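# Remarks on the overall topology
Chain residues, written in single-letter form:
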Amino acid sequence: MKSVTSLAQQSVLRTSRMKVWEPVFWLLALASPWLAQQHALIINEIAIVALFAVSLDLVLGYTGIVSLGHAAFLGFGAYAAALFAKWVMPDPLVGLLVGTLAATVLGAVCSTTILRGSDLTRLMVTLGMALILYELANKLDGLTGGSDGLQGVVMGPVLGRYEFDLMGQVAAWYSLSVLFVCFMLARRLVHSPFGATLMAVRDNRLRAMAIGIPVHARLAVVYTTAAGVAGAAGALMAQTTGFASLDVFALDRSADVMLMLVIGGVGWLYGGVAGAIVFKLMHDVISSITPQYWTFWMGLFLVVLVMVGRERLLKPWTWGRT
Amino acid sequence: MDKRFFIRAVASAAMVACVGSAMAQDKFKIGLILPMTGPFASTGKQIEAAARLYIAQNGDTVAGKKVELIVKDDTSAPDVTKRIAQEMVVNDKVNVLAGFGLTPLALATAPIATQSKTPLVVMAAATSSITEASPYIIRTSFTLPQAAVGIADWAPNNGIKKVVSLVADYGPGIDAEKYFKDRFTFNGGQVIETLRVPMRNPDFAPFLQKVRDLKPDALYVFVPSGAGAALMKQFAERGMDKAGIRLIGTGDITDDDILNSMGDVALGVVTSHHYSTSHNSPANKKFVAAFEKANAGLRPNFMAVGGYDGMRVIYEAAKATKGGSGEALLTAMKGQIFESPRGPMFIDAQTRDVVHNIYIRKVERVNGQLYNQEFSTLKDVKDPGKSK
Amino acid sequence: MTILFDGIAYGMLLFILAVGLSVTMGLMNFINLAHGAFAMAGGYLTVVLMQRYEVPFLVCLPLAFVATALLGALLERTLYRPMYRKPHLDQVLFSIGLAFMAVASVDYFVGSQQQIMQLPEWLKGRTELWDGQPWALGMGHYRLFIIAVCAALTVGLQYVLSATRFGSRLRASVDDPRVASGLGINVNVVFAATFAVGSGLAGLGGALGAEVLGLDPTFPLKFMVYFLIVVAVGGTSSITGPLLAALLLGVADVAGKYYVPKLGAFIVYSLMLAILIWRPQGLFVRQGGKS
């Protein structure tokens, strides 16, 4: 007996299938610390920020919640992992878990605050959370090192074998692997029936509620998950750089990641990765040309990008047309 | 998304990556990492200008090798500083790292210096503990404790017995508060209250009001260079000077960079610091004249002198080791004694920190401009933070 | 009492700076994160005019208003108008880009140091009334001036909104642009005028505030958070909302830092968070208004 899948199911299945270029991309990405040895450090940074952007995409792209304080989870994960490595145990993978868990808990707590209110309210609430954490970290300087940052985080070797080297290759490979795993998990999540309900909530909350989707529960779950992923990114950051400092909570972090995500494209997970690559590389290149005024060119890029149309960035063949 | 695009993107990324740097190795490379954007951009500007001035005055070859100055902006974010430092060490193979506008930036980079055995010259950051973070760190700027004890010694002898301390709530501020309090109390004074101002503070009003209500003999202040002006304005506006409260502090509040535009409110403020643009020595006069000429009249401040002297230390060490690096270069930096625009100074071979004179100065109008006029000198002050 | 006075002065200043943003967001549903850049423009213009051309302070203020308003009108017509239809995220991106450009340009042309303003003599004094806690009231003349100017502006704004034809057209356009244009109101002109005035007010606020808040190229980014807080808590459907929100914020900030200096900035953020959680639409929302 042939099972008949409806047109709706077919369309959902189609979007969830792996495109041909995806494995190619990931293979190249995972191999890049060896292919491009000198750039291992920036590859590491890009991987971490990409993970952070992907976590924000879960919130922004798939549920429509505008958050300017996502760095709260990044920072919480970072400090948790750093403190864990310093005082308990220097194993990176366990520390990663700790960071992720800590951020997940924080996310669960915070998710109660973002359920109500308009876009602007949520923006401010999330922002407020991040700022409060910043001040807390500053005040508890016995624990966090205050504005000097938490120093003396020495990481053990990954999987007991691979030491973090000066070239940054091990760090890059480590971050990329974590990115890959989390990305695949996220992908699975959004291309599932659960994910479909999320998009329904994003597109029209009222209607979603009307057809019986438990909107608040969904939002809470997604927000908590995204917080956990952001915490993982934070833990990676603390582990690969060997310290944690206050600016992980700063407004710039949340703002930068939002910019990256919007540049790359909200709502298709790869947007976070693409945006992270574009933004970071641009920053690096422009900054080495003009260390003081690179923000001008960045701003110009953003303005032009929006005026021309965001979708066009990743479609170079449309650049010729008006 | 389109398959074609991604393959193209990945291919171009791979090409970019493979354009690796094949640099000639007969160069002496200095990696200068500064905050060129953000709230501390003026520090970066001053240091870069001073570094370039030194090169212009002393030539761009040392020990037969061409000097390459690589300047990068770290936007005051420690992980960026660390990454840039790592890249400079690994990719550009710099002989020495320099700059570091803030304490966390220097502390974050310390492990890189140790791991790669690259000397690191701190030209701006001022917390005492920095030089202990790595055996490869040399400092040519100053430490807050040095500046703080200067005024803590001067004040009790000049009618100031009760003081309220107001500092910015971060590393150097806490250092400034602690060392002032310790020395001042030791000298028989009394610090009746210690207030800490959050870094991101738009309004000093409530803090100053509190000080006013406490009625001390003087208010001791440390805030990073930009905020000093605002504080002084509000100090005057609140009528504190009329209420008989004097303003003292470390030289950061009368930063030469903006002192002249502070106006009359700054007159009479007594501070202690290691450098004043009006320091009366031939070396300084030459330095100031050359700096102002090369930078459209910009006055050099203590950040600039930290950069200038840092370059001097690097150059002399390079000459002594014939353009070397690593351990040898570090050793050649330790123990250097010379005349800086600030006065005589040397790099302590034990602590690798700077030892120089601390001057007590008062703001006065000279030739129509405001300057910190030095009137008293404490010679060869070592960092009190270390002699414990 | 002095604390209350200082808090009110600070709050009024914040109000003038943020009211333009509030109206723009309510009217055009446009999140303009570059609003702080207009304030900065007004501040720098004033400083440059005073320092280089010796223009008296009182003359600079209206100049700052007019110049920034013109700048706002110009940008509105050319850059902002095509953005109205775009989704909020694009607007955020766009306005942040503009803010970046403004910050870097100012840095390039004027330099990154703090700009220091020299007030005219008659604004520098201070009046002390009554002694002894808590009635002691010390009023800096400059702060008195700020309160006076801002109060006058608020009254003026309220009058324009409620008693003039332009005001009623504006309110109609805020409530429902489509119906308003159906009634023959030239919504584009209303938008342009409002944006211009809002930016002009921001410029004026920047000029007034340079003395109290400090002025350097990172001004727009530093204070954007505060403006957003005022708008979020005060709502976008009236001007009394942001006014009260700004006053509340100002007093809370100043009082918090005085009485509990250890917690300083904490107080403001926690207060905002608490308010927004309790009343997500903002504290003062008109019934039936847009959210």
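Structure first, text after, so check above.
Quick caveat: nothing in here was measured; it's all calculated off a predicted structure. (Residues numbered from 1 in each chain as written. Chains lettered and ligands numbered in written order. Predicted model: local features only at pLDDT ≥ 70, side-chain atom pairs only at ≥ 80, totals over all residues. Heavy atoms only, no water.)

### Some words on the overall build of chain C
Scanning chain C from terminus to terminus reveals 11 helices and two strands. Across its three principal axes, chain C shows a C-alpha extent of roughly 60 × 45 × 35 Å. (Helix = DSSP H or I, 4+ residues; strand = E, 2+ residues; numbered from the N terminus.)

### Let's talk about the interface of chain C and chain B
Listed by partner, the interface residues are 31 residues for chain C and 33 residues for chain B. Between chain C and chain B, the buried area comes to about 2,800 Å², and carbon and sulfur atoms account for 51% of it. Per-residue buried area on chain C facing chain B is highest for Ile116(C), Lys257(C) and Tyr258(C); these three make up 21% of the total on that side. Linking chain C with chain B are one salt bridge. For Asp107(C), the salt bridge identified is with Lys45(B), shortest N-O distance 3.7 Å. Applying the counting rule to chain C against chain B returns two residue pairs in polar contact (both at pLDDT 80 or more). Broken down by secondary-structure element, the contributors of at least two residues to the side of chain C that touches chain B are helix 1 (2–28), strand 1 (126–129), helix 8 (187–213), helix 9 (219–234), helix 10 (240–259) and helix 11 (265–278) of chain C. Among the residues forming the side of chain C that touches chain B, the class breakdown is 14 nonpolar, 10 polar and seven charged. (Contact = heavy atoms within 4.5 Å. Buried area = accessible area lost by both parts, 1.4 Å probe. Salt bridge = Lys/Arg side-chain N within 4 Å of Asp/Glu carboxyl O. Polar contact = N/O pair within 3.5 Å; in protein donor to acceptor, adjacent residues only side chain to side chain. Nonpolar A, V, L, I, M, F, W, Y, C, P; charged D, E, K, R; others polar.)

### Re empty space enclosed by the protein
All names here are of chain B. In the structure shown here, the tally under the stated rule is six cavities of 30 Å³ or more. Considered as a void within the structure, the second largest cavity measures approximately 170 Å³ in volume. Along its surface, the second largest cavity is lined by 18 residues, and Gly-101, Leu-102, Ala-124, Tyr-170 and Met-303 are the ones closest to its centre. (1 Å grid on protein atoms, 1.4 Å probe; cavity = no way out; pocket = protein on both sides within 12 Å on 5 of 7 lines; lining within 4 Å. Points joined across faces, edges and corners; volume = space filled by probe spheres on them.)

### Some remarks on the sheet that holds strand 3 (residues 65–73) of chain B
Residues and elements named next belong to chain B. One open sheet holds the six strands; their spatial order is 2-3-1-4-5-6, and the pairing between them is mixed. Strands with a single pairing partner mark the edges of an open sheet, and in this sheet they are strand 2 (61–62) and strand 6 (137–139). Note that strand 1 (residues 27–34) and strand 3 share eight bridges and pair parallel. Pairing of Ile-30 across the sheet is with Leu-69, part of strand 3. Along the sheet face, helix 11 (residues 302–320) touches strand 1, strand 2, strand 3, strand 4 (96–99) and strand 5 (120–122) and points at about 160° away from the line of strand 1. (Pairing = 2+ DSSP bridges. Axes fitted to C-alpha atoms, helices over the stretch in contact; angles between N-to-C directions.)

### Here we look at unusual backbone geometry
Despite not being glycine, Ala63(B) shows a phi value in the positive range, around 50°. With respect to the secondary-structure elements, Ala63(B) resides in the loop between strand 2 and strand 3.

### Some details on the packing of helix 4 (residues 71–87) of chain A against helix 11 (residues 215–241) of chain A
Residues and elements named next belong to chain A. Running from N to C, helix 4 and helix 11 point in directions that differ by 50°, and their axes come no closer than 6 Å. Classified by the angle between their axes, helix 4 and helix 11 sit oblique to one another. The element helix 4 and its partner helix 11 pack so that their crossing is right-handed. The residues of helix 11 that touch helix 4, namely those facing Phe-73, Leu-74, Gly-77, Ala-78, Ala-81 and Ala-82, are Tyr-223, Ala-227, Ala-230, Gly-231, Ala-233, Gly-234, Ala-235, Met-237, Ala-238 and Gln-239. (Parallel < 35°, antiparallel > 145°, perpendicular 65-115°, else oblique. Left-handed = near helix turned anticlockwise from the far one by under 90°.)

### Describing the side chain of Asn44(A)
All names here are of chain A. Here Asn-44 lies in helix 3 (residues 40–63). What makes Asn-44 buried here is its relative accessible area of 6%. Once residues lying within four places of it in the same chain are set aside, the contact partners of Asn-44 are Ala-171, Ala-172, Ser-175 and Thr-240. (Buried < 20%, exposed > 50% of the residue type's maximum accessible area, 1.4 Å probe, protein only.)

### Concerning the packing of aromatic side chains
If you walk through the whole model with that rule in mind, you get 26 aromatic pairs over all chains. Between Tyr293(A) and Tyr108(C) the ring centres are 5.1 Å apart and the planes differ by 90°, which places this aromatic pair in the edge-to-face class. Residue Tyr293(A) is found in the loop between helix 13 (270–289) and helix 14 (294–308), and its partner Tyr108(C) is found in helix 4 (residues 88–110); the two belong to separate chains. A centroid spacing of 5.6 Å and a plane angle of 85° characterise the contact between Phe142(B) and Phe302(B), whose relative ring orientation is edge-to-face. In this pair, Phe142(B) sits in the loop between strand 6 and helix 5 (144–154) while Phe302(B) sits in helix 11, placing the two residues 160 residues apart along the sequence. Residue Phe142(B) shares its accessibility class with Phe302(B), and that shared class is buried. By the ring-pair criterion, three or more aromatic residues cluster together here, those being Phe25(A), Trp26(A), Phe180(A), Phe183(A), Trp268(A) and Tyr270(A). Of note, Lys210(B) hangs over the ring of Tyr258(C), and the distance from its end group to the ring centre comes to 5.5 Å. In this arrangement the basic side chain of Arg299(B) is found over the ring face of Tyr371(B), its NZ or CZ atom lying 4.1 Å from the centre. (Phe/Tyr/Trp six-rings, centres within 6.5 Å; stacked < 30°, edge-to-face > 60°. Lys NZ or Arg CZ within 6 Å of the ring centre and 35° of its normal.)

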